[in-house]
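Examination of the molecular architecture
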Amino acid sequence: MSAGTPPLSTPPKPQAKALNCPKCGAAITLRCFGQAETVVCGSCRCILDAKDPNLAILQQFEIKTSDVKPFIPLGTRGKLRGTDYEVIGFQRRHITVEGVTYSWHEYLLFNPYKGFRYLSQYNGHWNDISICKQLPMLEGGFFVGIGGSANYLGEVYRHFQTSDANTDFVLGEFPWQVRVGEHAVVTDYVHPPRVLSSEKLDKEVTWSIGEYMYGREIWDSFKLPGSPPEAIGVYENQPSPVTTNVTSIWLAFAAFAIFLLALMAGFDMRAKKEPVLHETYLYNRTDAKSEPSFVSDVFELTGRTSNVEVKTYAPVGNHWIYLNYALINQDSGQAWDFGREVSYYYGYDSDGSWTEGKQHDSVVVPSIPPGHYYLRIEPEADPSLPSIAYTVDVIHDVPVFGIYAIAFVALLVPALLISLRAYTFERSRWSESDHPPVQLSRMTGNSEDDS
Amino acid sequence: MTQPVANCPNCGAKIVFRWSSSVQTVCEYCKSILVRTDVDLKKVGQVADLPPDSSSIQINTEGIYRNKSFVVVGRILYEYDQGGWNEWHAMMNDGTSAWLSDAQNEYAVSWSSKAPTLPAAAQVQVGQQFTWNNQRYVVTVITPAHYRGVEGELPFQYWDKTDVTFVDLRSETGKFATLDYSDPEPALYLGEFVEFEDLKLKNLRSFEGW
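Residues numbered from 1 in each chain as written. Chains lettered and ligands numbered in written order. Predicted model: local features only at pLDDT ≥ 70, side-chain atom pairs only at ≥ 80, totals over all residues.

The next subject is the interface of chain A and chain B. In this complex, chain A contributes 28 residues to the contact, which on the side of chain B involves 31 residues. Partitioning the side of chain A that touches chain B into residue classes produces 15 nonpolar, 7 polar and 6 charged. (Contact = placed C-beta atoms within 7 Å. Nonpolar A, V, L, I, M, F, W, Y, C, P; charged D, E, K, R; others polar.)

This next bit is on the sheet that holds strand β4 (residues 32-36) of chain B. Residue and element names in this part refer to chain B. If you trace the 3 strands from one edge of the open sheet to the other, you get β3-β4-β5, paired in antiparallel fashion. Only two strands of the sheet have a single neighbouring strand rather than two, namely β3 (24-26) and β5 (41-46). Averaged over all neighbouring strand pairs, the angle between strand axes comes to 30°, with direction disregarded. (Pairing = 2+ DSSP bridges. Helix = DSSP H or I, 4+ residues; strand = E, 2+ residues; numbered from the N terminus. Axes fitted to C-alpha atoms, helices over the stretch in contact; angles between N-to-C directions.)

By size, the foremost hydrophobic cluster in this structure holds 46 residues, and its most contacted members are V39, L48, Y107, L108, L109, F110 and L196 of chain A. A per-element tally of this core places strand β13 (residues 155-174) of chain A first, with 6 residues. Non-local contacts of L196 of chain A, meaning those with residues more than four positions away in its chain, are made with P136, A150, Y152, Y157, Y189, W207 and I209 of chain A. Grouped together as the second largest cluster of nonpolar side chains are 27 residues, A90, M91, A108 and F166 of chain B included. (Core = buried A, V, L, I, M, F, W, Y, C linked by C-beta atoms within 7 Å. Buried ≥ 20, exposed ≤ 12 C-beta atoms within 10 Å, placed from the backbone.)

To continue, consider the packing of helix α2 (residues 246-270) of chain A against helix α4 (residues 402-431) of chain A. Residue and element names in this part refer to chain A. Close contact between α2 and α4 brings their axes to 10 Å; oriented N to C, the two are set at 170°. What the angle tells us is that α2 and α4 run roughly antiparallel. Residue-level inspection shows V246, I249, W250, F253, F256, A257, L260 and M264 of α2 in contact with α4, the latter providing Y404, A407, F408, L411, L412, A415, I418, S419 and A422. Considering only residue class, the contact of α2 with α4 consists of 16 nonpolar, 1 polar and no charged. (Parallel < 35°, antiparallel > 145°, perpendicular 65-115°, else oblique.)

What follows covers the domain arrangement of chain A. Under the domain assignment, chain A is made up of domain 1 (17-222) and domain 2 (272-398). The straight-line distance from the C-alpha centre of domain 1 of chain A to that of domain 2 of chain A is 80 Å. (Domains from an automatic or database assignment.)

Let us now look at the environment of D434 of chain A. Residue and element names in this part refer to chain A. Following the sequence through the fold, D434 ends up in the segment after α4. When the 16 C-beta atoms within 10 Å are taken as the criterion, D434 is described as partly exposed. Between the alpha carbons of D434 and A405 there is a distance of 44 Å; along the sequence they are 29 residues apart.

Let's shift gears to the confidence of the model for chain A. Caution applies to low-pLDDT parts of the model: their predicted coordinates are not meant to be read in detail. Across chain A, pLDDT averages 86, with 90% of residues at or above 70. Across residues 141-145 of chain A, confidence stays below pLDDT 50; counting only partners more than four residues off in sequence or on other chains, it has 4 contacts. (pLDDT = per-residue confidence, 0-100.)

Residue and element names in this part refer to chain A. Sheet architecture is open: 4 strands sit in the order β17-β26-β20-β24, paired in antiparallel fashion. The open sheet has two free edges, formed respectively by β17 (274-284) and β24 (360-368), since each of these has just one partner strand. Going from strand to strand, the sheet's axes swing by 15° on average, the running direction of each strand aside. In this sheet, β24 lies alongside strand β20 (residues 306-313) in antiparallel orientation, the contact comprising 7 bridges. Paired with T312 across the bridge in β24 is D361.

Set out below in C-alpha cells:
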C-alpha cells in the first residue's frame, strides 16, 4: 500500500432500487433501502424475495376482485405528525364474524430515520398505528364477560374484539415475510381515540398503538385528490362527538342545582311573607246585579318594592267563579288589574272518576311599591250558582320559585341530551364488539349497521 | 481521552483509536480485524464487505443521551430471517461505552450489565419473566441470528462468529434487555427504548431522495 493514506471514499448514498419482476418483467421499485423482506409485483401479483438479488418468487396469488385499490397509491409521500413518510406497502385483511366478512386496508409507511408506521382504513375510518415500545399490562377480566382490559402508559383499555385476521391481498414491500393467506390473532382494546392491538403469530406477539384519524386529515397529509370516503357507522376507537366528559357535565349540573337551592333558601329567608289581608266575602247572585263591584279594607305594604300574592279560595263544585281584581294604590290611584277564575269539576265516566280545576287559586303581582292599597273585586259566577262564600288572602313579599324551576330545567335538558347522545354513540360503538350491549328493544331508533 | 496511534499490520494505514478502552478495531482500508495487544496490533481476521444496510447511523454519528454526548465508534451487524440489525458501539463523553441498537429504526440504548445467574438459552421461552435491578422484564422474542460483520472499535474481541441466539425482553416501562448467547457465558445488556428525536443525532447518513 502506498505511504500516503488514500482518501476514503464515502459509501454511496442508499437509494431506491429499480428492478424487474422475474416473472413478468414489470418494473419494481424498492423504496426502503434494503429493509424490505418481500416485495409484490404490482402487475402479476408475485410475492418476491426482496433480499434475493434475483428476486425469487415466493408466492403468486390470484386476486378475484379487481376492486382492491389503495386510496393512497404506493410511493405517495405525506407528512404525518411532523414527519415525512412514504407509502411503501399495502395489504388487505379480513375477519369473518358469524359468516360475515369484514375487510380493512393497511398501509405501510416508511421514513429512513423514523422507521415504519401504519395506517389502517375501514369503512372510511382511519387509524395511525405504530409499534408499542412499552409493554402493555394485561389485566384479568374482573367484570364477568367484559373480556379483561389492558393497561398501557397508565391508561386502561377495554377489550373490544378478538378475531382471526387473514391477509388476502398485498402490494409493495414489507420488512417482514408477508404472504397471502397468512393469519394472525388480533385483539383490540380501546380507549378512544386510541386502540391498543396485539397481533399474535406462532411465536411472537406484537403490540401496536393506534390513534383515530379522520379521512380529511389523511387527504390533507398526503395531498390526495378528491374527497375521502365517508365514514360509515361508529368505529371501535372513534372519539365520541360528545367531547365533554358526561360525568363532569353532571357534576357541574349538581353544583348548579345546589347553587339554585341555596339561592332559593336565601330568598325564602329574606322574603317577609307578611299577610296583609284575609277576608271572606259572600257572592250573592241577586245582590250582584245591583252592586257588581266592591272594595276591600285598606292595607299597608311596608318596606321595599316587592311582590304581592293574591290567593283566592272558593268551595266550588262543578261550578266556576270569576273574579276581576284591581290592586289600587290609595295615594296615587295607580291600579293593577287582573282576573282569576276558580273552577272545580268532577265526575265519573267509562275511564273512572275525573276532576278538573281547583278550589284554590294564587297569583303573584310583581313590583308593587310600598304604600296604602285596597282591592277592588268584581265577581262573576256560574249562572247556576246562586251564592258562594269565597276567601281572599293578600300576602306581601313572597318568594317566587318558578324562575328556579325554569333555570333547573334549562340546565337539566342539555345535560340529559348530551348524556343521551353519548350513550347512543357508545352503544353503537360497542354493538360491533365482542361485548354488545344488551338489546333493550328493537324499537330504539338507533340503527346499528348490521351489514 | 487518549488517542493511541498505530499502523495496520496488514496494509500499514494509520489506525487511530478514538476510545482508549477499545480492544478491537477494523482497518478502514483493508478491512482487517485488528486486536490490541500490549504493544502492538495483531491481525486476527478479515471482514468481507458489509452488506448494504439501511441504518441511518454510521461511524462518527454523534448524539446526546441523558445529557451526555456520545460518538459512534464501532458496530456489530447481525442478520436474522426477518432482516438485520446493528449494534452500534457508542463512546460516551464520560469514557464509558454503551450500545445503540437500531433494529428496523427501532432504537434502544443499553449497557453491559451483571446479574447473579443468567438462564441458558435452551431454558428461555417467550412470555417468561425475569427480574433484574428490581425491574421485571418479559421475554418478547428469541432470535436465532447470524453474525454478519464488524466495523470500527469494539470494547471486546468479536469476530468470526456464526450463529448466535439473542433473547429480547421488554418491560411495561419502556425498559429493554437482551441476553446475548454469542459466547459460552451468556451476557446481559440492560437499557431502554429511545425516541429518534431525543438522541439529537448528527452526522447521520443521508438517503437519496430524503
